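# Breakdown of the fold
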Amino acid sequence: MLNEMTHIPDAFLNAKAEELHDILKAPTLFHIEGINPQPLFICTLLHGNETTGLYAIQRLFNKYKDKPLPRAISLFVGNIAAAKEDQRRLDTQDDYNRIWPGSHHNNSPEKDMMQTVSNIMEKKKPFASIDIHNNTGKNPHYGCINILNPHGLVLAAKFSNIAVYFTDPKGVQSSAFSDFCPAIVLECGQASDKSGEDHALAYLETILQMDDLASHESNNLNLYHTIARITIPKTVSIGDSTDDHSSDIYLSALLEDKNFHLIQPGTEFAVINSTKEKLIVVNSESHEDITDEYFERDNNKLIFKKPVTLAMYTTSEKAIRQDCVCYLMEELRIG
Ligand SMILES: [Zn+2]
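The shown structure was predicted, so the numbers you read here are calculated from the model rather than taken from an experiment.

### Examining the overall build of the protein chain
Each helix and strand counted, the protein chain has 10 helices and 17 strands in total. The C-alpha radius of gyration of the protein chain comes to 20 Å, within 12% of the 20 Å expected for a compact globule of 335 residues. Oriented by its inertia axes, the alpha-carbon framework of the protein chain measures out at about 65 × 45 × 35 Å. The proportion of buried residues among the 335 residues of the protein chain is 43%. The long-range share in the protein chain, meaning contacts at least 24 apart out of those at least 6 apart in sequence, stands at 75%.

What follows is the structure, given as structure tokens:
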């Protein structure tokens, strides 16, 4: 199921994400030589509709077409079958960023593949690992890390002054690679946002030119810690507009512009039109239901009970059903 290649085919360099499946046929791990042999690992399209990483990498390789890379690159191109359909994942597939070592998912050929990629890369002792994603909702560009150590913080600080530290969900690529190298996730805004591509490209070039991470600072970081994740049970219907009167819950569209803003108590999260017991579920990082700690009902509204910061908030039903409504975060002070 996994291809391994030591050159980049010309067709790859200018392909659209939806064309990659026809070009590569399977998820592919490339190993490209550079002046410094210790590779930078880059990962893209773990989510098939998050295309910013692919287009940034194509531009990077096109820039270095006639000259050597400053450092070797190992590149993993993930869910090209979902990319063909412009989907995060196909309904028949596991989420490609939940099945890396440490995952609680059932065994599958895809899970074995991620184990194989991890084994191959662990032996190569990468300089760093960079996994590039997009958000469905509106968010600033930010990095995510799974371990709080100086090298990871430097990787994050080189991308943005905002970073998120999370330990749940399990089975994500960055978490698996954190066992053997500094690892970061880049969240580059919405896939349609070209500035995300420019930003990712500039970042990759910066990291490629670095000799070490130890001699750099991360003092500029505003670091957040994920404390909970909000989902909506399958049995609860999500409405678009309160005019339709037939759905159980209508999420506040205003919050789409409030990612990484501090939300005050009393702020409306949703309008509810249902007598069902559980309309949303707020799960802590250790999977306890802490809904009542953060939300209360006020007539036909669900409102925030205490101040909290949101990330990745979206009202897109497809995104909510495949992942979640948003994450709740608090600011973390270290040092
Ligand atoms: Zn993603």
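### Regarding helix α3 (residues 52–63)
Between the first and last C-alpha of α3 there are 17 Å, a value that for 12 residues agrees with the 16 Å anticipated at 1.5 Å per step. Among the residues of α3, Thr-52, Gly-53, Leu-54, Tyr-55, Ala-56 and Ile-57 are the ones counted as buried. Buried residues in α3 make contact with β3 (34–44), β4 (69–77), β5 (128–133) and α8 (194–209).

### Considering the pairing of strand β12 (residues 268–272)
As judged from the 3 bridges shared by strand β10 (residues 249–251) and β12, these two strands associate in the antiparallel manner. Paired with Tyr-250 across the bridge in β12 is Val-271. Note: β12 against strand β15 (residues 301–304), 3 bridges, orientation antiparallel. Counterpart to Val-271 in the pairing with β15 is Lys-301.

### Examining the pairing of β3
The sheet contact formed by β3 and β4 spans 7 bridges and is parallel. In the strand pairing of β4, Leu-40 is matched with Ile-73. This β-α-β element, β3 to α3 to β4, shows right-handed connectivity. The sheet contact formed by β3 and β5 spans 5 bridges and is parallel. Bridge pairing in β5 links Phe-41 to Ser-129.

### Some thoughts on the domain arrangement of the protein chain
The domains assigned to the protein chain are domain 1 (3–220) and domain 2 (227–330). Relative to domain 2, the C-alpha centre of domain 1 lies at a distance of 30 Å. With 12 residues of domain 1 in contact, the opposing surface of domain 2 contributes 13 residues.

### Some words on the sheet that holds strand β14 (residues 295–298)
Pairing is antiparallel across the open sheet formed by 4 strands, whose spatial order is β10-β12-β15-β14. Of all the strands in the sheet, the pair left with one neighbour each is β10 and β14. When the angles between neighbouring strand axes are averaged without regard to direction, this sheet yields 25°.

### Some remarks on the packing of α3 against α8
At their nearest, the axes of α3 and α8 sit 8 Å apart, and the two run at 55° to each other. It follows from the interaxial angle that α3 and α8 lie oblique. Crossing hand, α3 versus α8: right-handed. Together, Thr-52, Gly-53, Tyr-55, Ala-56, Arg-59 and Leu-60 of α3 and Gly-196, Glu-197, Ala-200, Leu-201, Leu-204 and Glu-205 of α8 make up the contact between the two elements.

### A look at unusual backbone geometry
Asp-168 connects to Pro-169 through a cis peptide bond whose omega is 5°. Along the chain, the position of Pro-169 falls in the loop between β7 (162–165) and α7 (173–177). Unlike most non-glycine residues, Leu-45 shows phi in positive territory, near 60°. One non-glycine residue, Met-312, lies in positive phi territory at about 60°.

### Brief notes about helix α6 (residues 150–157)
Judged by how many residues are buried, α6 sits mostly within the fold: 6 of 8 residues are covered. Listed as buried for α6 are His-151, Gly-152, Leu-153, Val-154, Leu-155 and Ala-156. Residues of α6 that are buried in the fold lie against β5, β6 (142–145), β7 and β8 (183–187).

### Some points on the nonpolar core
Leu-40, Ile-42, Ile-130, Ala-163, Val-164, Ile-184 and Leu-186 are the most contacted members of the largest nonpolar core, which has 87 residues in total. Looking at which domains feed residues into this core, each of domain 1 (3–220) and domain 2 (227–330) gives three or more. Ignoring anything within four residues of it in the chain, the contact list for Leu-186 reads Ile-130, Ile-132, His-133, Gly-143, Phe-159, Ala-200 and Tyr-203.

Rules used throughout
Residues numbered from 1 in each chain as written. Predicted model: local features only at pLDDT ≥ 70, side-chain atom pairs only at ≥ 80, totals over all residues. Helix = DSSP H or I, 4+ residues; strand = E, 2+ residues; numbered from the N terminus. Rg over C-alpha atoms; globule rule 2.2 N^0.38 Å. Buried ≥ 20, exposed ≤ 12 C-beta atoms within 10 Å, placed from the backbone. Contact = placed C-beta atoms within 7 Å. Expected span 1.5 Å × (residues − 1). Pairing = 2+ DSSP bridges. Right-handed = clockwise from strand over helix to strand, strands pointing away. Domains from an automatic or database assignment. Axes fitted to C-alpha atoms, helices over the stretch in contact; angles between N-to-C directions. Parallel < 35°, antiparallel > 145°, perpendicular 65-115°, else oblique. Left-handed = near helix turned anticlockwise from the far one by under 90°. Core = buried A, V, L, I, M, F, W, Y, C linked by C-beta atoms within 7 Å.

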